[in-house]
Amino acid sequence: NSISTIFTLDIFKKYIRPNADEKKLVWTGRITILVAMFVSVLFTWNDTLGIGGEGGFTFIQKYTGFISPGVFAMFL
């Protein structure tokens, strides 16, 4: 849902077709969802991202733990 909203309002309506009516924006959002689903299936089909069986949230948290201390030290 959010990828549809971000693409449709922030990219499509702003840069590609500023005069698009609501019906065109809804269809663009629906197509965006289908494309996003297809791309996500491609990335997960053969574990292209290297996440394995641990899940996306665990993957993100693991690498955020490497970055957070450095960012915290820079702010100090």
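Residues numbered from 1 in each chain as written. Predicted model: local features only at pLDDT ≥ 70, side-chain atom pairs only at ≥ 80, totals over all residues. Heavy atoms only, no water.

## Thoughts on a nonpolar patch on the surface
- A grouping of Ile31, Val35, Phe38, Val39, Leu42 and Phe43 is seen on the molecular surface, where their side chains present a nonpolar patch of about 570 Å² in accessible area.
- Mapping Phe43 onto the fold places it in helix H2 (residues 22-45).
- Residue Phe43 is classed as partly exposed on the basis of its relative accessible area, which comes to 40%. (Patch = residues over 30% accessible without salt bridge, like charges linked within 9 Å, V, L, I, M, F, W, Y side chains within 5 Å. Areas by Shrake-Rupley, 256 points an atom, 1.4 Å probe, with all protein chains shown as cover. Salt bridge = Lys/Arg side-chain N within 4 Å of Asp/Glu carboxyl O. Helix = DSSP H or I, 4+ residues; strand = E, 2+ residues; numbered from the N terminus. Buried < 20%, exposed > 50% of the residue type's maximum accessible area, 1.4 Å probe, protein only.)

## Points about the environment of Ile11
- The topology assignment puts Ile11 in helix H1 (residues 2-16).
- The residues touching Ile11, leaving out its near neighbours within four places in the chain, are Ile6 and Ile16. (Contact = heavy atoms within 4.5 Å.)

## Thoughts on the packing of aromatic side chains
- Per the counting criterion, the structure on display carries one aromatic pair.
- Arranged with centres 5.9 Å apart and planes meeting at 45°, the rings of Tyr63 and Phe66 form a pair that is tilted. With Tyr63 and Phe66 both in helix H3 (residues 56-75) and three residues apart, this pair spans about one turn of that helix.
- Assessed through its relative accessible area of 41%, Tyr63 is described here as partly exposed. (Phe/Tyr/Trp six-rings, centres within 6.5 Å; stacked < 30°, edge-to-face > 60°.)

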